[in-house]
Amino acid sequence: MTTEDDKGRRTATVSRWLPFSCVDGPGNRLVLFLQGCNFRCPGCHNPHTIGLCDHCGDCVPGCPSGALTLVEGRPGESRVRWQASLCTHCDRCLDACPRSASPKTHQMSVAEVLALLRRYGPLLTGITVSGGEATTQLPFVTDLFTAIKAAPDLTHLSCLLDSNGSLGEAGWQRLLPVLDGAMIDLKGWRDSVHHALTGQGRERVLASLQLLARVGKLAELRLLHVPGRTDFIDADGKLEAGLVSFLQSLGPVPIRLNGFRHHGVHGEALAWQEAAMDELDGLSNALKVKGFGPISLPPL
């Protein structure tokens, strides 16, 4: 039997957290970025959140401040140790990692996150758990949201998830009772395009969008425009017919358009063309003509 104390001790591998954000959901939100992702998006703006550190030590020699060291773990094993007090955040370790991982992670318990929420709570609208991909650490997210809903002094906070939509139905059913809403990315319409942009097919993403819309917990559908690569607009400049039918099946859902930028990107995607505002305006207008919305655009 799992007790409340047990749930409070549940931990997650955290990349970082922000005490206040106004771009990760409505209002002013505390944002928790969990480490690890099951997608491999070439255009990821946070590629260091994809992998989990395997303590190979490749990042240690290049650390100019001595914040990274190799220490003995279990017999015959060494582990990378990060000392935050020495770190200058030059990010050379992120460039050196062959796994798109960060050694600058730490374990946070549900109880520790609740303490942060109580510290900043009077100024917050809610919490958003992001990543990486937050649902790769689903037991932690479920326990955290459950604890927030059960705490009388935190019930005013909404619990949102920023996700790639890869979670299966059984996972969603575990989370839905304590989830206020999810913001889901759709990075390509045809399966081949989605696979090229994420390393995974689209079917689970579409199923997640349908499930969340059906129960009224699809807080936002996010469409990513990468010039010359995404396929939301057909050769005639119109919305892809299949996409139109799918969006109609979801009912009225807020849609956010994101344009590809080079910020934070590594590797091949640095050669991709950045999205221009007039292209996003065109996509926005095409969606509005079909009656979709509300539509929000990024401040490019």
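Please read these numbers as outputs of a predicted model, since none were measured by experiment. (Residues numbered from 1 in each chain as written. Predicted model: local features only at pLDDT ≥ 70, side-chain atom pairs only at ≥ 80, totals over all residues. Heavy atoms only, no water.)

Asks: Let's hear about the overall build of the chain: which residues, and what values?
Replies: Along its length, the chain carries nine helices and eleven strands. Here the C-alpha atoms of the chain give a radius of gyration of 20 Å, agreeing with the 19 Å that 2.2 N^0.38 yields for 300 residues. For the chain, the proportion of its 300 residues judged to be buried stands at 49%. (Helix = DSSP H or I, 4+ residues; strand = E, 2+ residues; numbered from the N terminus. Rg over C-alpha atoms; globule rule 2.2 N^0.38 Å. Buried < 20%, exposed > 50% of the residue type's maximum accessible area, 1.4 Å probe, protein only.)

Asks: An account of the packing of aromatic side chains is needed here, citing residue identities and associated values.
Replies: Under the defined criterion, the tally for this structure stands at four aromatic pairs. Aromatic pair Trp17 and Tyr120: ring centres 6.3 Å apart, planes at 50°, arrangement tilted. Of this pair, Trp17 sits in strand β1 (residues 11-21) while Tyr120 sits in helix α3 (residues 110-120), placing them 103 residues apart in sequence. Tyr120 sits in the buried class, given a relative accessible area of 15%. Plain terms: the ring middles of Phe260 and Trp272 are 5.4 Å apart, the flat faces sit at 55° to each other, and that makes the pair tilted. You can see Phe260 sitting in the loop between β10 (255-259) and α9 (277-289) and its partner Trp272 sitting in the loop between β10 and α9, a full twelve residues away along the chain. For Trp272, a relative accessible area of 6% translates into the label buried. Connected via pairs of aromatic rings, a cluster forms that spans Trp17, Phe20 and Tyr120. The aromatic ring of Phe33 is capped on one face by Arg16, whose charged end is 4.4 Å from the ring centroid. (Phe/Tyr/Trp six-rings, centres within 6.5 Å; stacked < 30°, edge-to-face > 60°. Lys NZ or Arg CZ within 6 Å of the ring centre and 35° of its normal.)

Asks: Just give me the short version of the pattern of salt bridges, but keep the residues and values in it.
Replies: Counted by the stated rule, this structure contains nine salt bridges. Across the salt bridge formed by Asp91 and Lys104, the nearest N and O atoms sit 2.7 Å from each other. Here Asp91 is found in the loop between β4 (78-82) and α2 (92-96), whereas its partner Lys104 is found in the loop between α2 and β5 (106-109), with 13 residues between them in sequence. Exposure remark for Asp91: the relative accessible area of 32% places this residue in the partly exposed category. Relative accessible area serves as the criterion here: at 10%, Lys104 is assigned to the buried category. Here Lys149 ties to Asp180 by a salt bridge, and the two come within 2.6 Å at their closest N and O atoms. Linking Lys149 in helix α4 (residues 138-150) with Asp180 in the loop between α5 (169-175) and β8 (181-186), this pair joins segments that are 31 residues apart in sequence. Judged by its relative accessible area of 37%, Asp180 is partly exposed. When salt bridges that share partners are traced, they join Asp162, Glu220 and Arg222 into one network. (Salt bridge = Lys/Arg side-chain N within 4 Å of Asp/Glu carboxyl O.)

Asks: I'd like a rundown of the environment of Gly199, residues and numbers included.
Replies: The residue Gly199 is located in the loop between α6 (191-198) and α7 (203-214) in this model. A relative accessible area of 28% means that Gly199 is categorised as partly exposed. Sequence separation of Gly199 and Met183 is 16 residues, and the distance between their C-alpha atoms is 20 Å. Those residues in contact with Gly199, other than ones at most four positions away along the chain, are Arg40 and His194. (Contact = heavy atoms within 4.5 Å.)

Asks: Can you explain the side chain of Asp231? Please cite residues and give values.
Replies: With respect to the element layout, Asp231 can be found in the loop between β9 (218-225) and α8 (241-250). Asp231 sits in the buried class, given a relative accessible area of 5%. Within polar-contact distance, the side chain of Asp231 engages the backbone nitrogen of Trp189 at 2.7 Å. A distance of 2.8 Å separates a polar atom in the side chain of Asp231 from the backbone nitrogen of Arg190. The residues contacting Asp231, other than those within four sequence positions of it, are Gly188, Trp189, Arg190, Val193 and Glu240. (Polar contact = N/O pair within 3.5 Å; in protein donor to acceptor, adjacent residues only side chain to side chain.)

Asks: Can you tell me about α3, naming the residues and giving the values?
Replies: Among all positions in α3, only Val110, Val113, Leu114, Leu116, Leu117 and Tyr120 are buried. Buried residues along α3 cover an arc of 155° about the axis, so they all sit on one side. (Arc of directions from axis to C-beta.)

Nothing here speaks to function; it is all geometry.
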